[in-house]
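Spelled out from the first residue to the last, the chains are:
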Amino acid sequence: MERFSRERKIYFFEEFILTDHHFPYLEFHSFAGTAVKAVRPRIPDRWSEAQRQAGLVGLVDELLELLGPKPPILWFYTPMMFPLARHVDAAAVVYDCMDELANFRFASPMLADLERELLHRADVVFTGGHSLYEAKRLLHDNIYPFPSSVDVCHFQSARKLCVTPPEQAQIPRPILGFCGVIDERLDLELTAALARQRPEWSIVFIGPEAKIRTEDLPRAPNIHYLGQKDYLSLPAYFSGWDVALMPFARNDATRFISPTKTPEYLAAGLPVVSTPITDVVRQYGDMRGVYFASDAPSLVCACEEALQLEPKRGEWLNAVDERLATLSWDDTHRRMSRLVEDVVEPAVRVPLPPVARKTPRSSWRRRRFDYVIVGAGFAGAVLAERLANESGQRVLVCDRRPHIGGNAYDFYNESGILVHKYGPHIFHTNSEAIFDYLSRFTAWRPYEAANNAELKKAAEEHLSETKDQIKKLEQVFKSIGKTASGEKCDAIEGLIKEADGVMKEAEGTALDAGLLAACQAVEHYEIVRYGALREWAKDLGHDEAHKLLSEILDQEKATNNKLTNLAVTSINKTSTRSRAA
Ligand SMILES: Cc1cc2nc3c(=O)[nH]c(=O)nc-3n(C[C@H](O)[C@H](O)[C@H](O)COP(=O)(O)OP(=O)(O)OC[C@H]3O[C@@H](n4cnc5c(N)ncnc54)[C@H](O)[C@@H]3O)c2cc1C
C-alpha cells in the first residue's frame with residue numbers, strides 16, 4: 001500500500017474501537033514514513049449492534065465526502081467490511097483475499113455469505129497464495145494468485161547486524177525463533193515438545209497473542225515470549241537467531257496459508273524449519289536451508305540439521321538470494337496495479353446516487369483480449385507468456401483442467417510428496433536457451449538414476465538364485481518322470497531377461513522406486529505360478545516335486561520381502577529428501 005500511495009491517496013478503514021463519547025467519530029493516524037493513513041472509527045460503547053452498523057456506514061460516507069467526488073477504489077481485505085461500503089459507487093472493487101478467514105477460530109457465521117456477495121461484486125480478486133487461489137479460482141473470472149513478496153533489503157540487514165536487542169542478548173544461544181501472531185494456527189504442543197527435548201536450545205516468540213489465553217501458552221525455562229515488535233526492529237531480533245521456526249498446526253485455519261515470514265526469514269539469512277504447509281512445501285520445498293517436520297522427533301532432527309548450516313552467510317544462501325530476487329514487492333505492486341487499472345472505470349466527477357448500480361458490473365465487458373489460447377500445457381503456456389511479455393498482447397488462456405502445465409503438471413501432496421498427476425516426467429534438453437528460459441519459472445530437481453546399491457545386490461543375488469531354481473525345476477520334472485519342455489524353461493529365462501532388461505534400462509533413467517516396482521512385479525508373477533505348481537504337486541501326490549517347489553517358493557517369498565523392505569526404505573528416503581531438499 002505504501003507503493004500504491006505514490007499514485008493515490010490510501011486510507012485503511014480499520015476495525016472500530018469503542019468510546020465513551022456520545023457520538024461516533026473518525027480518528028486519523030499516519031503510518032510513519034508513508035502517505036498511507038489509518039482511519040479508526042470510534043463507536044459509542046452503549047450503542048446496539050444495529051446502531052453500530054448504521055454508525056459505521058455513516059462514518060464511511062463521511063470519509064468519502066472528505067475525499068471528494070471522484071469514486072474511490074474499494075479494496076477489501078475481509079468480507080466483514082463489505083456491508084459498510086456495499087452502497088458506495090466505486091470506480092472498482094478489489095478483494096484481496098489473504099486467508100480462508102471462515103476457517104479461523106471465532107469466525108463470524110456471516111463471513112461465508114458476505115464473501116460470496118463480495119466475490120460477486122468484485123472486479124478483480126487477488127489471493128495471498130496458490131492454495132487459496134486454487135480454492136477460489138472457480139468463484140471469479142478475474143482472479144490472480146500473489147504469494148508473499150519480501151522487502152529483501154530490510155530483512156537482509158539482519159545478516160550484517162551484530163548487536164541484538166538487550167532483552168534478547170540475555171538469552172543463551174542457539175536461539176530458534178518464531179515471529180508472527182500467536183494463535184490457533186500454531187502447534188504449541190509441538191513447540192513445547194521441542195523445548196522439552198532440547199532444553200539447551202532457546203525458543204523465542206515475537207508477536208502478539210490472539211484468540212488464545214496467556215495461561216494456555218507453553219511455559220519452560222527455555223521458552224521466551226518477547227511480545228509484539230515494530231516491523232523496523234525485526235531484523236535486529238532475527239540477527240540474534242540461529243534458526244527460524246514455523247511450527248504451524250495443520251488444521252482448517254492453516255490449510256491455505258502462505259506465510260510471508262518464509263521469505264523474510266530467508267532474507268535474514270536464517271535456515272527455516274516448518275511443518276509441511278502446502279504453499280511452503282510447494283514454493284520452497286526444493287530449497288537448501290528449508291526443512292520440514294511434522295512431529296516432535298522429526299522437528300528435533302530438522303532443527304539439528306538446520307543448526308549445521310551457518311546462518312547469515314554460507315554458500316547455501318546463494319540459491320536463496322536468487323529465489324528472493326524474484327519476489328520483490330515492486331514487481332507485485334506493478335502487476336497488481338496493472339490489473340486494477342484494467343478494471344477501474346474512467347473517472348466520474350459527479351458521484352451517482354447511492355445504490356445506482358443495481359447489478360454487478362461485468363468485468364468481461366470491459367476487458368478485451370488479443371489472443372485466446374486453449375490449452376495451458378507447455379505449448380499453450382509458453383506461447384501465452386511470450387505473447388504477453390514479449391509483445392505486450394492481452395492473452396486469455398483456457399484449460400479444462402484446474403491448473404497449468406498440461407500433462408507435465410506436478411504438485412506436492414499434503415504429506416509433502418511430489419506427485420506427477422499424469423505420469424512421471426523428466427525434462428531433457430541440450431539447449432541452454434530453453435533451459436535458461438524455463439529456469440525463470442521453475443526450480444530444478446536433478447533426476448536421480450537408479451543407484452541403490454542394496455537393490456542392485458538383491459536383484460543380482462536373486463538372478464543367480466533363479467538360475468538354481470531352473471535346475472530344481474528340471475529335478476521336478478525328473479521326479480514326476482517327465483522331461484522338462486524347452487518352452488517352460490524359456491519362460492523362466494524370459495523372466496530373468498525381463499528383470500535383467502529392466503536393470504539395464506533403469507541405469508541412468510528410472511528412480512529406485514520404479515526399479516523396485518518392476519522387480520516386485522516379476523516376483524509376484526513367479527510366486528503366483530510357483531504357488532499353483534506346488535499345490536498341483538501336492539494334490540497329485542508328487543512329494544519330491546512338492547518339496548522342491550516349496551524351496552523355490554520360500555526363496556521367492558524371501559526375495560519379495562527383501563524387495564518390499566528396500567522399497568519402503570528407499571521410498572521413505574526419497575520422500576524425506578524431497579521434503580528436506
Ligand atoms: C505419461 C507421460 C509421460 C511423459 N513423460 C515425458 C517426459 O519424461 N519428458 C518429456 O519431455 N515429455 C514427456 N511426456 C510428453 C509431454 O507430456 C508432452 O510432450 C507435453 O506435455 C506436451 O505439451 P502440450 O502443451 O503440447 O500438451 P499437454 O501437456 O497435453 O497440454 C494440453 C492442455 O490442453 C488442455 N486441453 C485439451 N483440449 C482442451 C479443450 N478442448 N478445452 C480446454 N483445454 C483443453 C488439456 O487439459 C491440457 O492441459 C510424457 C507424456 C505422458 C502422457
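Nothing here was measured: the structure is a model prediction, and the numbers come from that model.

Here we look at unusual backbone geometry
Then step 1. A cis amide bond links R173 to the next residue, P174, at an omega of -5°.
Then step 2. Summarising the element assignment, P174 is placed in the loop between α6 (166–169) and β9 (175–179).
Then step 3. Here the phi dihedral of K312 falls at roughly 75°; this positive angle occurs in a residue that is not glycine.
Then step 4. For K312, the location among the structural elements is in the loop between α11 (296–308) and α12 (316–324).

Considerations on the side chain of T19
Then step 1. Note that T19 resides in strand β2 (residues 17–19).
Then step 2. Those residues in contact with T19, other than ones at most four positions away along the chain, are Y25, R42, I43, P44 and D45.

Regarding the sheet that holds β9
Then step 1. Across the sheet, six strands lie side by side as β11-β10-β9-β12-β13-β14; this open sheet has parallel pairing. Single-partner strands in this sheet number two, and they are β11 (223–225) and β14 (290–292). Mean inter-strand twist for the sheet, computed between neighbouring axes without regard to direction, equals 25°.
Then step 2. Relative to strand β10 (residues 202–206), β9 is paired through five bridges, and the arrangement is parallel. Counted as the bridge partner of C179 is I206 from β10.
Then step 3. Along the sheet, helix α7 (residues 188–197) makes contact with β9, β10, β11 and β12 (243–246), crossing β10 at roughly 150°.

Let's talk about a nonpolar patch on the surface
Then step 1. Together, F378, F427, I434, F435 and W444 make up an exposed nonpolar region whose accessible area comes to about 450 Å².
Then step 2. Take W444: it is sitting in the loop between α16 (432–439) and α17 (453–480).
Then step 3. In this structure W444 comes out as partly exposed when scored by relative accessible area, which is 33%.

Here we look at the packing of aromatic side chains
Then step 1. Evaluation of the coordinates by the stated rule reveals 18 aromatic pairs.
Then step 2. When the centroid spacing of 6.3 Å and the interplanar angle of 85° are considered together, the rings of Y11 and F28 count as edge-to-face. Residue Y11 is found in strand β1 (residues 11–13), and its partner F28 is found in strand β3 (residues 25–30); the two are separated by 17 residues along the sequence.
Then step 3. You can call Y11 partly exposed: its relative accessible area is 26%.
Then step 4. Aromatic ring contacts, followed pair by pair, group F155, Y231, F238, W241 and Y265 into a single cluster.
Then step 5. When the ring centre of W201 is taken as reference, the NZ or CZ atom of R198 above it lies at 5.6 Å.

Considering the confidence of the model for the protein
Any region with low pLDDT has predicted coordinates that should not be read closely.
Then step 1. Considering every residue of the protein, the mean pLDDT works out to 83; 85% of them sit at 70 or more.
Then step 2. Summarising per-element confidence for the protein, the mean pLDDT is lowest in helix α14 (residues 363–366) (45) and highest in strand β5 (residues 73–76) (96).
Then step 3. Confidence over residues 348–365 falls short of pLDDT 50; this stretch has 26 contacts with residues more than four positions distant or in other chains.
Then step 4. Taken together, the stretch residues 574–581 has pLDDT below 50 and engages in 19 contacts with residues farther than four places along the chain or on a different chain.

Here we look at the state of the cysteines
Then step 1. For the coordinates displayed, the defined rule picks out zero disulfides.
Then step 2. With no disulfide of its own, C303 lies 9.4 Å from the sulfur of C301, the closest cysteine sulfur.
Then step 3. In this structure C303 comes out as buried when scored by relative accessible area, which is 0%.

Describing the site of the ligand
Then step 1. Near the ligand, the surroundings consist of 15 residues, among which A379, D399, N407, H425 and I426 are the closest.
Then step 2. Here an oxygen atom of the ligand and a side-chain polar atom of D399 are 2.7 Å apart.
Then step 3. Interatomic distance of 2.6 Å between a side-chain N/O atom of H425 and an oxygen atom of the ligand.
Then step 4. For the ligand, whose unbound accessible area comes to 1,000 Å², protein coverage reaches 55%.
Then step 5. Among the residues forming the shell around the ligand, the class breakdown is six nonpolar, six polar and three charged.

Criteria and cut-off values
- Residues numbered from 1 in each chain as written.
- Predicted model: local features only at pLDDT ≥ 70, side-chain atom pairs only at ≥ 80, totals over all residues.
- Heavy atoms only, no water.
- Helix = DSSP H or I, 4+ residues; strand = E, 2+ residues; numbered from the N terminus.
- Contact = heavy atoms within 4.5 Å.
- Pairing = 2+ DSSP bridges.
- Axes fitted to C-alpha atoms, helices over the stretch in contact; angles between N-to-C directions.
- Patch = residues over 30% accessible without salt bridge, like charges linked within 9 Å, V, L, I, M, F, W, Y side chains within 5 Å.
- Areas by Shrake-Rupley, 256 points an atom, 1.4 Å probe, with all protein chains shown as cover.
- Salt bridge = Lys/Arg side-chain N within 4 Å of Asp/Glu carboxyl O.
- Buried < 20%, exposed > 50% of the residue type's maximum accessible area, 1.4 Å probe, protein only.
- Phe/Tyr/Trp six-rings, centres within 6.5 Å; stacked < 30°, edge-to-face > 60°.
- Lys NZ or Arg CZ within 6 Å of the ring centre and 35° of its normal.
- pLDDT = per-residue confidence, 0-100.
- Disulfide = S-S within 2.5 Å.
- Near = heavy atom within 4 Å.
- Polar contact = N/O pair within 3.5 Å; in protein donor to acceptor, adjacent residues only side chain to side chain.
- Nonpolar A, V, L, I, M, F, W, Y, C, P; charged D, E, K, R; others polar.

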